[in-house]
Amino acid sequence: MSCAGITPDKSVRVQSSSTSSWTYAATSDWLPAIGVDWLKAVLMMRQSANLTAHVAYQVAPVRTDKPDGWVTGFDADITVNGARTTGIRTISGATGPAFFVRFGVAYKATSGTFAEGEMLMQSSFEQCGRIVGQRTLEMDLGTSSAYDQPFTDWIPTINANRAKFAVVMTGVSHLQCLPIFQTASASTDAPGAWAALPGATQIKPSSGTVYETCTGELVPTGLYAATWVRFGLRFSADTGSSATGVTTAVIAARS
C-alpha cells in the first residue's frame, strides 16, 4: 500500500491590513491525521503587493468544528512573487494526539496598511492510515458487567499496526468505556477474546457532561500470528450497577 498523499493545488486570493497579526486560509480539506508524520509543501505567490506568507497547518483533536490554533514558524516566509518548497517537515508532535489535520497558508502585510496577492499551495504527505469504522451507540447497562462492542469490521492485521480513537460521549450517567481489540488467526468465525489495547485508559466523563477525547495512537499486540483484527469499546459502570449514555466513536488504523 502506497503511503503517499497529495492535496489538489488550491489558489486563494488574500488581503491583509496588519503587519503584526497573521491571518490564515485553508488550502485543503480536513484529513485523518493517522500516520501523517511528515509534510512537504509548495507555496507560490502571484500578483502580490506588500505581502508576506508561509505554510501553516492545523489539527483538530476530535471534531473539525473545534480545532486547535494554526501551527506556523516551521518554514521561511515568501515575500516576493515566485515559489518555494518547505522541504520535508516533521509534524507528528501535533498530529499524533489529534484525529484530523488540514493545511493552509499564513499571511500578513510586510509594511504599511494594506497587502494583497494570490497564494497557490499544494501539500504532499505520508499517510499510511485511514478511517476504518464509525458508530453511535446508546447504552443502558443494568448490571456491573462489562459489555464489549465492535466499532469496526474485520480488517487485515497488516494494515492495522496502530489504531486511534476519537470518542464523544453525551448524556452520561456513570458510563465509561475502554478501547479494545480482537484478533482472528485464520477465520473470523473463530476469533480470540477481546482485550484492552496496550496503553489505553478508561474514558470516564463526569455525569451530565459532554466529553470528547482522542486516544492518540495505540499499538495492538499479537498481530504477527493473526490475519484479522477489529476494534471496539468496552462499556461498564464506573460506580454502582447502572450506567447510561450515548457514545460516538470514529476509529482510524495505520500500517
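Up top you'll find the structure we're talking about.
First, a word on scope: everything that follows refers to the structure included in this document. Everything numeric in this text was worked out from a predicted model, so none of it was measured.

Focus: the overall build of the chain
- Summing up its helical and strand segments, the chain has 1 helix and 19 strands in all.
- Its C-alpha atoms put the chain at 70 × 40 × 20 Å along the principal axes.
- Evaluated residue by residue, the chain yields a buried proportion of 46% over its 255 residues.
- Look at the contacts in the chain between residues 6 or more apart in sequence, and 83% of them connect residues 24 or more apart.
- For the chain, the exposed surface amounts to about 11500 Å²; the carbon and sulfur share of it is 49%.
- A gap of 4 Å separates the mean positions of the 18 positive and 18 negative side-chain charges of the chain.

Things to note about the packing of aromatic side chains
- As enumerated under the stated definition, the model contains 6 aromatic pairs in all.
- Measuring from ring centre to ring centre gives 6.4 Å for Phe-165 and Phe-231, while their planes differ by 90°; the resulting arrangement is edge-to-face. Here the residue Phe-165 occupies a position in strand E14 (residues 162–173), and Phe-231 occupies one in strand E18 (residues 228–237), the gap between them amounting to 66 residues.
- Looking at Phe-165, the relative accessible area reads 0%, which means it is buried.

Topic: the pattern of salt bridges
- Applying the stated criterion across every chain, the model contains 11 salt bridges.
- A salt bridge links Asp-65 to Arg-63; the shortest N-O distance between them is 2.7 Å.
- For Arg-63, a relative accessible area of 32% translates into the label partly exposed.
- Note that Glu-217 is salt-bridged to Arg-254, the shortest N-O span being 2.9 Å. Taken together, the residues span a long stretch of sequence, with Glu-217 in strand E17 (residues 211–218) and Arg-254 in strand E19 (residues 243–254) at a distance of 37 residues.
- Taking the relative accessible area as the measure of exposure, Glu-217 reaches 24% and is therefore partly exposed.
- For Arg-254, a relative accessible area of 12% gives the class buried.
- Residues joined in a network through salt bridges with shared partners are Asp-37, Arg-162, Glu-217 and Arg-254.

Quick look at the sheet that holds E19
- Taking strand neighbours across the sheet as the criterion, the 4 strands line up as E11-E19-E14-E17 in an open arrangement whose pairing is antiparallel. The sheet terminates laterally at strand E11 (129–141) and E17, the two strands that pair on one side only. Ignoring strand direction, the axes of neighbouring strands in this sheet form an average angle of 15°.
- As judged from the 10 bridges shared by E14 and E19, these two strands associate in the antiparallel manner. In the strand pairing of E19, Ser-173 is matched with Thr-244.

Things to note about the state of the cysteines
- Counted under the stated rule, the structure contains 0 disulfides.
- Summary of cysteine pairing: Cys-177 is not part of a disulfide, and the nearest cysteine sulfur, belonging to Cys-214, is at 13 Å.
- For Cys-177, a relative accessible area of 0% gives the class buried.

Reading the values: rules and limits
Residues numbered from 1 in each chain as written. Predicted model: local features only at pLDDT ≥ 70, side-chain atom pairs only at ≥ 80, totals over all residues. Heavy atoms only, no water. Helix = DSSP H or I, 4+ residues; strand = E, 2+ residues; numbered from the N terminus. Buried < 20%, exposed > 50% of the residue type's maximum accessible area, 1.4 Å probe, protein only. Contact = heavy atoms within 4.5 Å. Areas by Shrake-Rupley, 256 points an atom, 1.4 Å probe, with all protein chains shown as cover. Lys, Arg positive; Asp, Glu negative; His and termini not counted. Charge placed at Lys NZ, Arg CZ, Asp CG, Glu CD. Phe/Tyr/Trp six-rings, centres within 6.5 Å; stacked < 30°, edge-to-face > 60°. Salt bridge = Lys/Arg side-chain N within 4 Å of Asp/Glu carboxyl O. Pairing = 2+ DSSP bridges. Axes fitted to C-alpha atoms, helices over the stretch in contact; angles between N-to-C directions. Disulfide = S-S within 2.5 Å.

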